[in-house]
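Report on the structure
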There are 2 protein chains.
Amino acid sequence: MHPLDPITAEEITGVATLVKAREVGKSIHFKKIAIVEPPKRVLRSFLTEERSGKAKGIHLPRRASALYYYRGTAHLFLAKIDLDHQVVEHVEKLETHFHGQADPEEAAELRDICLNHPRVLEAVKNFGLPKELTLVCDTWPYGRDSKDNHPRLVQCYLFARGNHPGSNHYDKRLSIAKSIFAPAQVTDYTVPLPFAPVFDMASQKLIEVIHLPTGADFTVNPDVKYVPHAPKEYHHALQGQPVRQDLKPLVVHQPQGVSFTLDGYLVRWQKWRFRLGFNWREGMVLHDVTYDGRELFHRLSLSEMFVPYADPRHPYSRKSVFDVGDIGAGVAANNLALGCDCLGVIKYFSFVIADSNGNPAPRPNAVCMHEIDDGIGWKHTNIRNGVVSLVRSRVLVLQTIITVGNYEYVFMWNLDQAAGLHYKIQATGILSTHPIDEGTTVPWGTNVNIGVMAPFHQHIFSLRIDPCIDGDNNTLIEEDSVAMPFDEQNPYGIGYVTKAKPLVKSTYSDSAPYRTHKIINCSNINKSSGKPVSYAIHSPDKQMLLAHPKSWHGKRAKYGSHHFWVTAHNDGELHAAGDYTYQSTPDDGKSDLAAWVDRADNTEDTDIVVWHSISLTHNPRTEDYPVMPCDTMIVSLKPSGFFDMNPALDVPQSMQETNSSRPVKEKEIEPDRCCNLKDS
Amino acid sequence: MHPLDPITAEEITGVATLVKAREVGKSIHFKKIAIVEPPKRVLRSFLTEERSGKAKGIHLPRRASALYYYRGTAHLFLAKIDLDHQVVEHVEKLETHFHGQADPEEAAELRDICLNHPRVLEAVKNFGLPKELTLVCDTWPYGRDSKDNHPRLVQCYLFARGNHPGSNHYDKRLSIAKSIFAPAQVTDYTVPLPFAPVFDMASQKLIEVIHLPTGADFTVNPDVKYVPHAPKEYHHALQGQPVRQDLKPLVVHQPQGVSFTLDGYLVRWQKWRFRLGFNWREGMVLHDVTYDGRELFHRLSLSEMFVPYADPRHPYSRKSVFDVGDIGAGVAANNLALGCDCLGVIKYFSFVIADSNGNPAPRPNAVCMHEIDDGIGWKHTNIRNGVVSLVRSRVLVLQTIITVGNYEYVFMWNLDQAAGLHYKIQATGILSTHPIDEGTTVPWGTNVNIGVMAPFHQHIFSLRIDPCIDGDNNTLIEEDSVAMPFDEQNPYGIGYVTKAKPLVKSTYSDSAPYRTHKIINCSNINKSSGKPVSYAIHSPDKQMLLAHPKSWHGKRAKYGSHHFWVTAHNDGELHAAGDYTYQSTPDDGKSDLAAWVDRADNTEDTDIVVWHSISLTHNPRTEDYPVMPCDTMIVSLKPSGFFDMNPALDVPQSMQETNSSRPVKEKEIEPDRCCNLKDS
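Residues numbered from 1 in each chain as written. Chains lettered and ligands numbered in written order. Predicted model: local features only at pLDDT ≥ 70, side-chain atom pairs only at ≥ 80, totals over all residues. Heavy atoms only, no water.

To keep it simple, the criterion reads: UniProt positions are given in the numbering used here, feature names are shortened, and annotations may be inferred rather than shown by experiment.
Labelled according to an unreviewed UniProt entry, chain A appears under the name Amine oxidase, originating from Calycina marina. Taken directly from UniProt, the Sequence similarities (unreviewed entry) text for chain A runs: "Belongs to the copper/topaquinone oxidase family."

Listed below in structure tokens is the structure:
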């Protein structure tokens, strides 16, 4: 077994058994059972030897950790387990302000409790919700808008949906829908209700029912009544409109098979070699990434993701989720389906995580891998003789999709043939909505239907980049393009140069239109350029966290206030907003990225970690409702003076004889055909 | 014939005949023969009626213009021709500071003259270039670095290439190469020579041979000698390395045909309807773009493109090209090849332009159109019952590729199913290089081989957006996301709002990370949001022109100094840097975008034009040589409160039964297969 292999069902069961044996008489509520990766120093040495074929027979200790409560209490424990010897090495009782993340089982329990609670039902009755509408409950991490040291709480937001019989008029489509989908009454989020119950997660007791403001200001009207309005539905059987009839199938074949190979979790493709990892929290991880035998990245992961909402009113002031730390990208991973989530010839990877009882919970098809064509790779036509040199760009896609309540996120690593890695994030799914009185607007949200307001919010991702650009001797630099002064050295006023500033102590660094961030290795000089080898991080300059730095959002997600951060590597520093984000009080001064940066460690010519905050300021469009077309962000890690020349030079010329394209036939594009295109 | 149809061969011949008949006894050197589109007021009315089926039988006058010299002189004439009546309506002799663009025929003539000129050959001999190397000449528009009113000049940059026999060791690949490519000695740009001849374009006489600086400063050493070094070759037959053997074919089929229809140049696809246009200068143009019957854009075009180099030394100070105005995107359009430039089921469009003799010059397959799969369109999983709603995103791609000397540009309009248009620009091809002494570096360029320096430069495109967002009553606004003050209206410090600033007079406007530019129509209110309908322009905030505003680059390409510009529409105002960019002196105060903006026209609730400057600051990487992997920029025009809800809601659910994907077979990804993958 490889030290970086994802946890197995047997290991989960083993850990649960060990913990339960130690905690005799206690009912254990597991929050996580996860592999603890070996210390980096040991691991790097092992991986280097492995790549040169020397690691055979070497075994690194395999270790795990378990986080758990005594069920129904606030006592949180962290256990370390030696998997090789099947012993619990150490158990620590954590300080009371640390809370475990929300888990799917307790969320489902709380939804049921909430939906059946007499006080909730009474509020529903007072609201005047018609009987034909069904209540839906979304549980949200409690967030934080005060310094109060509450027990672990959960805030519930309620919606009502219709019980549509699915009786639309498009019988053919409906019959297909019936066969592959569940019955038609599966829509949700049609009416947000104007009150929000809060529960204690441990005792599952109702704490309060908060009436929500529904006007243009902070005023709360507890007597606001349900006003009927036509819902906007996203499910095809309920849209009340025909589906398009003029979309013809597009099929991707690889008649000779795919271009990658696989050995366990070790992937090889087009000079790339890396290990795929997966865990409950970060979801998909890439380990030990090399290109053409040269080291690039030790570990690439989604460290955190924060979604703060901009509605300034209580209790929306608490609406803020760390989707990675509070929920888990691996926990929320979708079961990807052939021909739906993935098109072409697909390799699926399935994983297991632990459920709250310590049983293995499968995450089937949580990552898919396939190749796509990405247009022109490089081209030049010699205009003197018309000779064309052209290669198309083939890209290896690793995709995982997560559902976090209302939202979906698509995360992809796209590897290209020119040694570029592209981290692609797509946001889709359903907007979180607030109730609003008809005819009212607010400056912090968009009305997307009568009675339905979608508040502005941000998604701030932290991409953790643990580089090894030709080894560990790395430095992050800011490289600025700067106009030369208009003087005798620049007599025509047209010159510009680049100025590099190495970040020699751990710090943050901001993006700018004139700036590129690069990771360089000063111990290896590119023989063409005469400069240190380097990888650049290309990412658009985006608005950072809009919440005030002294607000609880600002204090809990400090990483969201700057685009780039660099730290000296320390084992265990994986999570930008700390290990325990649920209802976090970031006041212990050592547990988050900002605290690590404050150490002012040396970050020059050493083993560094670069953290990139990727921000999407999402002021909803009406077009984002009732389901949102993907909004896409791409961060590219590209060689920049790393190779001596174009690393994709040796991609073969593209040729019709293998690409088997065809011209359209005149008959198939006749204008009359537009209306006659059959749905097939 | 439709008033927007591209010019035909017959029309070109007709215009040339008319002009020649008028200019009896003169040898005519044509610079352009092009359609003059009808006045917008008339055209808009016609197009509106046409869309509602009422324009049948209406004929708009079809007119053309011709720009020409008396061959061998500096007399430039502009003629207006009535094509319906086959008469020259008007001929104007232009002021002497206006110059025609470079054309392929005169460039080829000048290359030959330069390569055979005794003074050039003498300089080559002094340089000591070995006989086995062959001279190559690139002609560059003269640019401008002084106010001198020169005749029309051309600067030549010289390179030497090897006469490789193409004898690589990969016989199989070579035999393929031989059959589809020209003989192997087709590489270029291997050694830049240290002197640059300048010629008069009219007289074709040598003006001077300028010795180039080859050190780290402005010093010129006329006695610098050739130093042999191994070239870096991009042509597959010359690379001296094997091509990759492990890339398997990927084939795109549309078994039921494509989803678009065509009626002349009228394209319909997935609720989109538009007309494809093409001309010598702008290349591909989109006219009269509607979605689901609603007007969006009257005309979308590449208005200009400026490429200034950052080497501050004479004569590189003149190295600056308006690739659209000085050359022509239509002139430079590639003949796109099936299975190479385009993959799948492809519709090709062929056009004609006029050559310098007034004959039709075909531009076959200058635009290709096809569909691609673009991943997830939208998705939501109802976590309560596991029901998945998912549509994949299909995109219609219109692609044109141009070769401008050393560089290639790929221009694409990508239309998606959610009413988004994405203008995608890719830069590829070969870096322009300067000679440099071995062991020397400069701060304004990257050494990419011994003796070869690739100077920093920028590519600044001007995308001309002539909108008709639900009609002509449009306004450009800046919409900023702004944190609320941390006060009693924002007691938790987490609120933010948007603030809109309409640009009511013609002006420029800059990008910022917190800003979105939108085109709104105040006469049409979105019934969900209660706000004016709007399209947003999403584009990363990029570094604008680095040349000093008072430099000649700054004065000639003022549009490059700001991201956005808005003007009131005026017929004939198409070209951001003016109609005559070659060696331009932008001092007439009325001929470019900045001058039009200076009029301070009303731009509120009226017929406006938005100009977006898209900048690529290209500080070359060693990886960009000897041929550059595509560098990609995307600008997206997306509905933002234009529709009442997601316009892609009705895209059918994606299903394996039509998408025909397949899982990989274990056998095809066995690790041993890596080395055994056969090149097929």
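**Thoughts on unusual backbone geometry**
Note the cut-off: Helical segments are the DSSP runs of H or I of at least four residues, strand segments are the runs of E of at least two, and each set is numbered from the N terminus. A simple rule labels every residue: compare its accessible area, found with a 1.4 Å probe on the protein chains alone, to the largest value its type can have, and call it buried under 20%, exposed over 50%, or partly exposed in between.
Between histidine 314 of chain A and proline 315 of chain A the backbone carries a cis peptide bond, its omega angle lying at 0°. Among the structural elements, proline 315 of chain A can be located in the loop between strand E15 (294-308) and strand E16 (320-322). Residue proline 626 of chain B is bonded to the preceding tyrosine 625 of chain B through a cis peptide linkage, with omega at 0°. Note on placement: proline 626 of chain B falls in the loop between strand E32 (608-618) and strand E33 (628-639). The residue glutamine 270 of chain B is not glycine, and still its phi comes out positive at about 50°. Relative to the helices and strands, glutamine 270 of chain B resides in the loop between strand E12 (266-269) and strand E13 (272-279). When its relative accessible area of 1% is taken as the criterion, glutamine 270 of chain B is described as buried. Backbone geometry at aspartate 470 of chain B places phi at a positive 55°, although glycine is not the residue there. Inspection of the secondary structure assignment puts aspartate 470 of chain B in the loop between strand E25 (457-467) and strand E26 (475-483).

**Looking at the domain arrangement of chain A**
Residue and element names in this part refer to chain A. The criterion, for reference: Where each domain begins and ends is defined by an automated method or by a domain database. We call two residues in contact when some of their heavy atoms are within 4.5 Å. Salt bridge, as used here, is a side-chain nitrogen of Lys or Arg placed within 4 Å of a carboxyl oxygen of Asp or Glu.
Along its sequence, chain A is carved into domain 1 (9-93) and domain 2 (103-374 + 396-472 + 523-588 + 605-653). Centre-to-centre, using C-alpha coordinates, domain 1 lies 27 Å away from domain 2. Listed per partner, the contact involves 27 residues of domain 1 and 31 residues of domain 2. Among the salt bridges present, the one from aspartate 466 reaches lysine 40, with a minimum N-O distance of 2.6 Å.

**A word on the UniProt feature "modified residue: 2',4',5'-topaquinone" (unreviewed entry) in chain A**
Residue and element names in this part refer to chain A. The feature "modified residue: 2',4',5'-topaquinone" (unreviewed entry), as annotated in UniProt, sits at Tyr407 in this numbering. Mapped onto the fold, tyrosine 407 is located in strand E20 (residues 407-415). Tyrosine 407 gets classed as buried once you look at its relative accessible area, which sits at 2%. For tyrosine 407, the residues in contact, after removing those within four places along its chain, are Tyr309, Ile402, Thr428, Gly429, Ile430, Leu431, His457, His459, His618 and Met628.

**Focus on the sheet that holds strand E22 (residues 434-435) of chain B**
Hydrogen bonds between backbone atoms are what pair the strands of a sheet, whose relative direction is either parallel or antiparallel. All names here are of chain B. Here is the rule: When DSSP finds at least two bridges between two strands, those strands are taken to pair.
Taken in spatial order, the three strands of this open sheet run E22-E24-E23, and their pairing is antiparallel. Here the strands that pair on one side only, and so sit at the sheet edges, are E22 and strand E23 (445-449). As paired strands, E23 and strand E24 (residues 452-455) are joined by four bridges and run antiparallel to one another. Residue pairing across strands places asparagine 449 opposite valine 452, the latter belonging to E24.

**Considering the side chain of histidine 287 of chain A**
With respect to the helices, strands and loops of the structure, histidine 287 of chain A is situated in strand E14 (residues 283-291). In this view, histidine 287 of chain A contacts Leu4, Glu37, Phe274, Arg275, Leu276, Gly277, Phe297, His298 and Arg299 of chain A; residues no more than four positions away in its chain are not counted.

**As for the pairing of strand E31 (residues 564-568) of chain B**
Residue and element names in this part refer to chain B. By the criterion of burial, E31 is predominantly enclosed, with five of the five residues buried. Burial along E31 is two-sided: the residues Phe564, Val566 and Ala568 and Trp565 and Thr567 are all buried. Here strand E28 (residues 507-509) runs beside E31; their pairing, made up of three bridges, is antiparallel. Pairing of serine 509 across the sheet is with phenylalanine 564, part of E31. With five bridges connecting them, E31 and E32 associate as antiparallel partners. Bridged to valine 566 within E32 is valine 610.

**Quick look at the interface of chain A and chain B**
Counted only if it meets this: We define buried area as the total accessible area lost by two parts upon association, computed with a 1.4 Å probe and summed across both. We define a polar contact as two N or O atoms separated by no more than 3.5 Å, with the added condition that, inside protein, one atom must be a possible hydrogen donor and the other a possible acceptor, whereas residues neighbouring each other in sequence contribute only through side-chain atom pairs. Note on residue classes: Ala, Val, Leu, Ile, Met, Phe, Trp, Tyr, Cys and Pro are nonpolar, Asp, Glu, Lys and Arg are charged, and everything else, Gly too, is polar.
Tallying the contact residues gives 189 residues for chain A and 189 residues for chain B. At the boundary of chain A with chain B, total buried surface from both sides reaches about 15,900 Å², with 57% on carbon and sulfur atoms. Broken down residue by residue, the surface that chain A buries against chain B is led by Arg244, Ile494 and Tyr496 of chain A, which jointly contribute 6%. Counting the contacts that link chain A with chain B gives 12 salt bridges. With its nearest N and O atoms 3.5 Å apart, the salt bridge here joins lysine 232 of chain A to aspartate 644 of chain B. In this structure, the connection of chain A to chain B is made through 95 residue pairs in polar contact (both at pLDDT 80 or more). The residue makeup of the side of chain A that touches chain B, split by class, is 84 nonpolar, 66 polar and 39 charged. Bridge count between strand E10 (residues 251-253) of chain A and strand E10 (residues 251-253) of chain B: three bridges; the pairing is antiparallel. The partner of valine 251 of chain A across the bridge, within E10 of chain B, is histidine 253 of chain B.

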